[in-house]
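Listed below, chain by chain, are the residues.
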Amino acid sequence: PQLVTGSGMVYTWGFHAETLGRSNNNKSPKQQQRRNPQLVTGLLPENGGGFAVAIAASDQRTAVVCDNGTLFTWGTTDGKNVLGHEGVRWQHLPRQVPEVYRA
């Protein structure tokens with residue numbers, strides 16, 4: 001599950017590192033579980049993110065639109081470029097989708 005607070009912070013918890021955006025390593029997308037909500041620090045403004053205004057998620061991937069119009073995605077996919085990152089099939093931490101500025 002994912003949650004956006006009124007102040008634009010994103011929290012995730014549950015199974016599968018690919019949609020949590022908090023993986024401590026990039027070796028296996030399915031070895032992580034979080035029982036309690038954890039802040040996705042990669043989306044914080046001081047880390048290059050912004051305040052979340054919209055979120056879309058599935059069991060494999062997550063997309064977040066920030067107040068500055070940027071789009072961040074992370075997760076796993078069976079096809080290339082689905083997350084908006086050329087050639088990437090698994091992005092374990094939030095990453096800004098290039099050339100999207102007014103989402």
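Remember, it's a predicted structure, so these values are computed and weren't measured experimentally.

Scoring rules and cut-offs
Residues numbered from 1 in each chain as written. Predicted model: local features only at pLDDT ≥ 70, side-chain atom pairs only at ≥ 80, totals over all residues. Heavy atoms only, no water. Pairing = 2+ DSSP bridges. Helix = DSSP H or I, 4+ residues; strand = E, 2+ residues; numbered from the N terminus. Axes fitted to C-alpha atoms, helices over the stretch in contact; angles between N-to-C directions. Core = buried A, V, L, I, M, F, W, Y, C linked by side-chain atoms within 4.5 Å. Buried < 20%, exposed > 50% of the residue type's maximum accessible area, 1.4 Å probe, protein only. Contact = heavy atoms within 4.5 Å.

Caption draft 1: The arrangement of the sheet that holds strand β7 (residues 90-96) in detail. Strand order in the open sheet formed by 4 strands is β4-β5-β6-β7, and the pairing between neighbours is antiparallel. With partners counted over all chains shown, the strands left at the sheet margins are β4 (52-57) and β7, one partner each. Neighbouring strand axes in the sheet, compared pairwise and without regard to direction, differ in orientation by 10° on average. As judged from the 5 bridges shared by strand β5 (residues 61-66) and strand β6 (residues 71-76), these two strands associate in the antiparallel manner. Within β6, the position partnered with T62 by the bridge is W74.

Caption draft 2: Broad picture of the pairing of β5. Alignment of β4 against β5, held across 5 bridges, turns out to be antiparallel. Each bridged residue has a counterpart across the sheet, and for I55 the counterpart in β5 is V64. Joining the antiparallel neighbours β4 and β5 is a turn of 3 residues. The antiparallel hairpin formed by β5 and β6 contains 4 residues in its connecting segment, where G69 sits at a positive phi of about 90°.

Caption draft 3: Local environment of the nonpolar core. If you look at the biggest cluster of nonpolar residues, it comprises 8 residues: V10, V40, L43, A52, V64, C66, F72 and W74. Looking at this core, the elements that each hand over two or more residues are β5 and β6. Ignoring sequence-local partners within four residues, the contact set of L43 consists of V10, G49, G50, V64, F72, W74 and P94.

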